[in-house]
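# Understanding the architecture of this molecule
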Amino acid sequence: MPGSFGPKSLEGEIRAFLAERRLEAERPALVGLSGGADSTALLAALVALGPGALRAVHVDHGLRPRRELDAELALVRALCRRLGVPLTVARVRVGAVEALARATGEGVEAAARRYRHAAFRAVLAREGLDRIYLAHTLDDQLETLLMRRLAGAGSAGGRGIPAVSGPILRPFLGLRKEELLAYLAERDIPYATDSTNASPEYLRNRTRLLLVPLLDRDFPGWRGGLLAGSERAAEDEAALAAW
C-alpha cells in the first residue's frame, strides 16, 4: 500500500516513479526547495540518485518575519553548497500575496501558490528547462482529498494532487512524511521549520492539526478508504473524458 512504513530508499522511489512513466532520469530539472523537511529530502535524494543537472529554486513569499525568512534562506544556501546544486531565489514583494488573496477572494495559501508557481514557470523558461520536482507527500495528498471532499468536489477534484502535471513531477506522493524525516536523520541533514505550520489560521493546518487526529482516533482505516475513493474518482474522470 502507498505510504506503508518500513525502511525505504528515496532514491529508489524516484527511480521507480520515473521508470513507471518512462521519463528520462538524466534530464536536467529544477527542484522546488522551501527549506522544509520534504523538499530538503527530495533534493538530497535526487543528488544521491545522480540524474541530470539540477537547479534548486527557493521562493520567499514575504509572509513571515524577516528574521525567520533570512534564517531559512541561509539554511537553503548552505544545503545547496553542500550538495553542489546551483540556487535561484525568487522574492515576492511583501504584502503582494495578501493583496492577491483579497482581490480574488481566495485564501492566502492559494494566493501564495499562484506566486510560487509563477516563479517556477519563470525560472523554467529562463533556464530552458521543462521539468520541476516538487516534494508533496502522501500526507499532503490525504489532507487535500479531505479538504476537497468536505467542500463537495466532484470526480475531478476527488483525484487529489496529480503525480504529473505539465512540467511538475511529484515522486513522493506514495510516501509518508515520517519516511522523509527518517531519511534526513540518517544523513544528518538539517532543515527549516515554517512557524506558520502550527497556525490554525490556515485551512490545511486545521485539517492536519484537528481533523486528522480525530480521524486517526475514531476511524483508523480512513486513509485507505480515502485513497480508494480517489482512485475510483480518477477512473471515473478518465472514462468521462474518453466518452
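In case you missed it, the structure is sitting above this.
Description of the structure in this document. (Residues numbered from 1 in each chain as written. Predicted model: local features only at pLDDT ≥ 70, side-chain atom pairs only at ≥ 80, totals over all residues. Heavy atoms only, no water.)

## As for the pattern of salt bridges
- What the rule picks out here adds up to 19 salt bridges.
- The salt bridge partner of Arg 27 is Glu 24, with a shortest N-O separation of 3.7 Å.
- We note a salt bridge from Arg 66 to Asp 70, for which the minimum N-O separation is 3.1 Å. Taken as a pair, Arg 66 and Asp 70 lie in helix α3 (residues 66-83) at a separation of four residues, close to a single helical turn.
- Residue Arg 66 is classed as partly exposed on the basis of its relative accessible area, which comes to 38%.
- One salt-bridge network, in which partners are shared between bridges, spans Asp 60, Arg 66, Asp 70 and Arg 91. (Salt bridge = Lys/Arg side-chain N within 4 Å of Asp/Glu carboxyl O. Helix = DSSP H or I, 4+ residues; strand = E, 2+ residues; numbered from the N terminus. Buried < 20%, exposed > 50% of the residue type's maximum accessible area, 1.4 Å probe, protein only.)

## What to know about the pairing of strand β1 (residues 29-32)
- Along β1, one buried face is formed by Ala 29 and Val 31 and the opposite face, lined by Leu 30 and Gly 32, is buried too.
- For β1 and strand β2 (residues 54-60), the ladder comprises four bridges, and the chain directions are parallel. In the sheet register, Leu 30 faces β2, and the bridge partner there is Arg 55.
- Bridging between β1 and strand β4 (residues 132-133) involves two bridges; their strand directions are parallel. (Pairing = 2+ DSSP bridges.)

## Focus: unusual backbone geometry
- Phi at Arg 22 takes a positive value of approximately 55 degrees, unusual for a residue other than glycine.
- Tracing the backbone shows Arg 22 in the loop between α1 (10-20) and β1.
- With a phi angle near 55 degrees, Asp 188 is a residue other than glycine that sits in the positive phi range.
- Relative to the helices and strands, Asp 188 resides in the loop between α8 (177-187) and α9 (203-218).
- A relative accessible area of 62% means that Asp 188 is categorised as exposed.

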